[in-house]
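Fold and contact review
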Amino acid sequence: MRTYDIEANGINIHFTECGSGEAVLFLHGFPLIGTSWRAQMDAVEAAGYRAIAPDLRGFGKTGAPAATSLYTPLHHVGDVIAVLDHLGIETCTVVGQDAGGDVAWNFALFRPDRVKAMFSIYPSVAGMSVPFLEPGAPLVFDKFREAGLTEFYMFRQTRPEAGRIWREAPTPIASALYWTSAQPPLDQQWNPFDPSKDMLRPVPEPLSWVDPQLLADLVECYERTGFGGGLNYYRAWEAYFKQVGPVFAGLRVQQPTFFLSGLRDGLNGGQRPTEEATRAYLPDLRGFLVLDDAGHWPQLEKPETVNEALVGFLNEVSR
């Protein structure tokens, strides 16, 4: 792994890379960091590609501005463009999951000249919309409020006390990874609409599918930085999408895409994502895979399956 720190857009941006060849940009979600993609980076390097994984703003060793307004998709896209520019890379295939999936989606929409293809690891969000936040579409947040679902986990993440709750949880990182995975029994797994099945409950068993070094690195990061930067993703989204909706309404990702999701992801709401619904938003859909035995973190829970699908997709779009 080669490690870099650059100054861009008013912050330090930390990222790692390995390999050579066509570029593959990996964008992580909350509460992960860039090196959580290590298994995928090794796989694409072995297949002849160049893997790049930044810590997104607010995470890991990248700067974390205090103002919530500095965490919009435009800021995130600007940061990843700064990384590509520093490396002299004109275009890339972008791989995103969770919050990084949203950044990847917006990168492909806003700067199609820089994105060759997109591999999206994403839930269908209780079957209500793909993607979760489509510019110009009625916000899923509003739908939930109208349905009385005011305890949706993202609403709780935006409240002033959220940072304190995360800091005071006994094992916040291990808990968040365990309860949102496919490891818990079905009747106990994370439910994003039910606070009694929150992701910060105590962990009853080891996380055998998480690299111990990654877990240690994550704990060290958040003990040093706190959770404010990561939570600012949630706090910035709703106001931003209401503001830009009329400008970007109706945009679709036109590049070749691959959609992958874990059926046991609580955000799927027990409903299997469908290829037909996904194709409505991704007209050049080249691959569609739902893993019955994965939750919110397929790249960690089922790395070999994800790697096989990813490398196959890269080989197809690179021909």
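For the structure, check the block above.
Figured I'd write up the structure that's included with this text.

How each quantity is defined
- Residues numbered from 1 in each chain as written.
- Predicted model: local features only at pLDDT ≥ 70, side-chain atom pairs only at ≥ 80, totals over all residues.
- Heavy atoms only, no water.
- Helix = DSSP H or I, 4+ residues; strand = E, 2+ residues; numbered from the N terminus.
- Contact = heavy atoms within 4.5 Å.
- Core = buried A, V, L, I, M, F, W, Y, C linked by side-chain atoms within 4.5 Å.
- Buried < 20%, exposed > 50% of the residue type's maximum accessible area, 1.4 Å probe, protein only.
- Expected span 1.5 Å × (residues − 1).
- Bend = angle between axes of the 7 residues up to and from the residue.
- Axes fitted to C-alpha atoms, helices over the stretch in contact; angles between N-to-C directions.
- Parallel < 35°, antiparallel > 145°, perpendicular 65-115°, else oblique.
- Nonpolar A, V, L, I, M, F, W, Y, C, P; charged D, E, K, R; others polar.
- Salt bridge = Lys/Arg side-chain N within 4 Å of Asp/Glu carboxyl O.
- Pairing = 2+ DSSP bridges.

As for its position among the elements, I13 is in strand β2 (residues 11-19). Through-space distance from the C-alpha of I13 to that of G63 is 6.5 Å; in sequence the pair is 50 residues apart. Those residues in contact with I13 that lie beyond four places of it in its chain are Y4, D5, I6, A8, T62, D79, A82 and V83.

Looking now at the nonpolar core. The biggest cluster of nonpolar side chains holds 80 residues, and the ones touching the most others in it are F107 and L177. For this core, the leading source of residues is helix α9 (residues 228-248), giving nine residues. Counting 25 residues, the second-largest nonpolar core is a separate cluster that includes M41, A117, I121 and V306.

What follows covers α9. Compared with the 30 Å implied by 1.5 Å per residue over 21 residues, the 28 Å span of α9 between its first and last C-alpha is a close match. Along its length, α9 reaches its greatest deviation from straightness, about 40°, at K242, and the proline P246 lies no more than four positions downstream. Where α9 ends, the next residue or the one after it, G250, has phi of about 85°, a positive value.

One can describe the packing of helix α2 (residues 73-87) onto helix α3 (residues 99-110) by two numbers: an axis separation of 9 Å at closest approach and a directional angle of 80°. Comparing their axes, α3 and α2 come out roughly perpendicular. Residues P73, L74, H76, V77, V80, I81 and L84 of α2 touch α3, and the partners they reach there are D102, V103, N106, F107 and F110. In the contact of α2 with α3, the residues fall into nine nonpolar, two polar and one charged.

Before going further, it helps to examine the pattern of salt bridges. Two side chains with opposite charge may pair up if their charged atoms get near one another. Enumeration according to the criterion identifies 20 salt bridges in this entry. Here R57 makes a salt bridge to D79, at a shortest N to O gap of 2.6 Å. On the criterion of sequence distance, the pair formed by R57 in the loop between β4 (50-54) and α2 and D79 in helix α2 is long-range, its members being 22 residues apart. No difference in accessibility class separates R57 from D79, as the two residues are buried.

In spatial order, the strands read β1-β2-β4-β3-β5-β6-β7-β8; together these eight strands make up an open sheet with mixed pairing. For this open sheet the edge positions go to β1 (2-8) and β8 (285-291), each flanked by a neighbour on one side alone. Taken over all neighbouring pairs, the strand axes of this sheet differ in orientation by 20° on average, direction set aside. In terms of strand pairing, strand β3 (residues 23-27) meets strand β5 (residues 92-97) through four bridges, oriented parallel. Residue pairing for β5: L25 is matched across the bridge by V94. Packing against the sheet, helix α1 (residues 38-46) makes contact with β2, β3 and β4, and its axis sits at approximately 45° to β2. In the packing of helix α12 (residues 303-317) onto the sheet, the strands contacted are β3, β5, β6 (115-121), β7 (257-262) and β8, and the crossing angle to β6 comes to about 160°.

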